[in-house]
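Coordinates in review
Now for the letters of each chain:
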Amino acid sequence: MTTPSKTCQAMLKSTCEKLANSRFGIAAMCLLTYLGGFIFPVPSDIMLPPMIIGRPDRWKHLMVACVLCSVAGACSAYLLGFAFAGELTAWAQSANLEEVNQATTLMAEYGPPVLFIAAFAPIPFKTLALAAGAGAMPMAMFLPAVVLGRTIRFYLISKVTLQGLKWIAR
């Protein structure tokens, strides 16, 4: 007799396998991760666990794809902030957007360490990447913080997902 949790697990695994093996699975994951780096309010890592569940043998490739696409999204946010620094600052002050004002202050005071923490932790990373661009943080400081933070984040998500698969298989 199958239990509801076994049925749910089987459905989840089947859906993840279909997504991971579909022609557009990796492209969809990469697009969502890229857009999550500077536009979407959805966490950029939402598709990584399902893709790993569907293809655990490809976890390293999937993780690297997420890192690269997320860093590309962060660079896009940086470039938008850099290109529209004056407009962004004026808009944030006139609209009293406290999140943008706080991000700008944090980036001006602490720079790369704050960006690294934001790239790793679930805090508003997009806003800090925009603020880094608006504050003209040197790319030589921006890029290592983002790459390192995103790599650690996606590595941990991958490892937790793989460990969860082992735990479920017991």
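Residue numbers run consecutively from 1 along every chain, following the written order of its sequence. Confidence filtering applies because this is a predicted model: local features only for residues at pLDDT of at least 70, side-chain atom pairs given and counted only at 80 or more, and all residues used for totals across whole chains, interfaces and linings. Calculated side-chain values reflect all of the structure's heavy atoms, with hydrogen atoms and water omitted.

A look at a nonpolar patch on the surface
Each patch is assembled from residues with relative accessible area greater than 30% and no salt bridge, linking like charges that lie within 9 Å and nonpolar side chains (Val, Leu, Ile, Met, Phe, Trp, Tyr) that lie within 5 Å. The method behind every accessible area is Shrake-Rupley, applied with a 1.4 Å probe, and residues are considered shielded solely by the protein chains displayed. For salt bridges, the criterion is a side-chain nitrogen of Lys or Arg within 4 Å of an Asp or Glu carboxyl oxygen. A cluster of nonpolar side chains, contributed by Phe120, Leu148, Ile152, Tyr155 and Leu156, occupies part of the molecular surface with about 420 Å² of accessible area. Under the DSSP-based scheme used, a helix requires at least four consecutive residues in state H or I and a strand at least two consecutive residues in state E, with every element numbered from the N terminus. Looking at the nonpolar patch element by element, the count peaks at 4 residues for helix α9 (residues 139-169). Mapped onto the elements of the fold, leucine 156 is located in helix α9. In this structure leucine 156 comes out as partly exposed when scored by relative accessible area, which is 39%. Only protein chains enter the accessibility calculation, which uses a 1.4 Å probe. A residue is then buried if its area is under 20% of the maximum for its type, exposed if over 50%, and partly exposed in between.

Quick look at the packing of helix α4 (residues 59-83) against α9
Axis definition: a line fitted to C-alpha atoms, over the contacting stretch in the case of helices. Angles run 0 to 180 degrees between N-to-C directions. Where α4 meets α9, the closest approach of the two axes is 9 Å, and the angle between their N-to-C directions is 145 degrees. α4 and α9 meet at a crossing whose hand is right-handed. Along the contact surface, α4 presents Trp59, Met63, Cys66, Val67, Ser70, Val71, Ala74, Cys75 and Tyr78, while α9 presents Met139, Phe142, Leu143, Val146, Val147, Arg150, Thr151, Phe154, Tyr155, Ser158, Lys159 and Leu162. It is the rotation of the near helix from the far one that decides the hand of a crossing: anticlockwise by less than a right angle makes it left-handed, clockwise makes it right-handed. Contact criterion: two residues are considered in contact whenever any of their non-hydrogen atoms come within 4.5 Å of each other.

Some thoughts on helix α7 (residues 112-120)
Taken together, the buried positions of α7 are Val114, Leu115, Ala118 and Ala119. Projected down its long axis, α7 carries its buried residues within an arc of 135 degrees, all on one side. To obtain the arc, one takes the directions from the helix axis to the C-beta atoms.

Brief notes about the environment of cysteine 66
With respect to the helices and strands, the residue cysteine 66 is situated in helix α4. Judged by its relative accessible area of 1%, cysteine 66 is buried. On a C-alpha basis, the gap between cysteine 66 and methionine 29 in space is 7.6 Å, while along the polypeptide they are 37 residues apart. Setting aside residues up to four positions removed in sequence, cysteine 66 forms contacts with Met29, Thr33, Leu48 and Phe154.

A word on the pattern of salt bridges
Under the counting rule described, the total for this entry stands at 1 salt bridge. One salt bridge connects arginine 55 with aspartate 57, and the closest N-O pair in it is separated by 3.2 Å. For arginine 55, a relative accessible area of 24% gives the class partly exposed. Look at aspartate 57 and you get exposed, because its relative accessible area is 58%.

A short note on the nonpolar core
By convention a nonpolar core is built from buried Ala, Val, Leu, Ile, Met, Phe, Trp, Tyr and Cys residues, the set being connected through side-chain atoms within 4.5 Å. Core analysis: the largest hydrophobic core is formed by 39 residues, its most contacted members being Met29, Leu48, Met107, Leu115 and Phe142. With 12 residues, the top contributor of residues to this core is α4. In contact with leucine 115, not counting residues within four places along its chain, are Met107, Phe125, Leu128, Ala129, Met137, Phe142, Ala145 and Val146.

Structural notes on the packing of aromatic side chains
Under the pairing criterion, centres of Phe, Tyr and Trp rings, with the six-membered ring standing for Trp, must be within 6.5 Å; the plane angle then separates stacked pairs below 30 degrees from edge-to-face pairs above 60, leaving the rest tilted. Applying the stated rule across the entire model yields 5 aromatic pairs. Through a chain of ring-to-ring contacts, the aromatic side chains of Tyr78, Phe82 and Phe142 assemble into a single cluster. In our convention, an over-ring charge means Lys NZ or Arg CZ found within 6 Å of a ring centre and within 35 degrees of that ring's normal. When the ring centre of phenylalanine 125 is taken as reference, the NZ or CZ atom of arginine 150 above it lies at 4.2 Å.

Considering unusual backbone geometry
For alanine 136, which is not glycine, the phi dihedral falls at a positive 55 degrees. Structurally, alanine 136 can be placed in the loop between α8 (125-134) and α9. Exposure remark for alanine 136: the relative accessible area of 42% places this residue in the partly exposed category.

Comments concerning the confidence of the model for the protein
The pLDDT averaged across the protein works out to 83; a share of 86% of its residues lies at or above 70. A score between 0 and 100, pLDDT records how confident the predictor is in each residue. For the protein, the element scoring lowest by mean pLDDT is helix α1 (residues 4-21), at 67; α4 scores highest, at 94.

Examining helix α6 (residues 98-110)
Take the residue count of a helix, subtract one, and multiply by 1.5 Å to get its expected span. With 13 residues, α6 should reach 18 Å at 1.5 Å per residue; the first-to-last C-alpha distance of 18 Å fits that figure. Within α6, the full set of buried residues consists of Val100, Ala103 and Met107. Around the axis of α6, the buried residues are gathered within 60 degrees of arc, so they sit on the same side. Exposed residues pointing more than 90 degrees away from the buried face of α6 are listed as Ala108 and Glu109. Each element contacted by the buried residues of α6 is listed here: α5 (85-94), α7 and α8. Just downstream of α6, glycine 111 is the residue with a positive phi angle, here 60 degrees.

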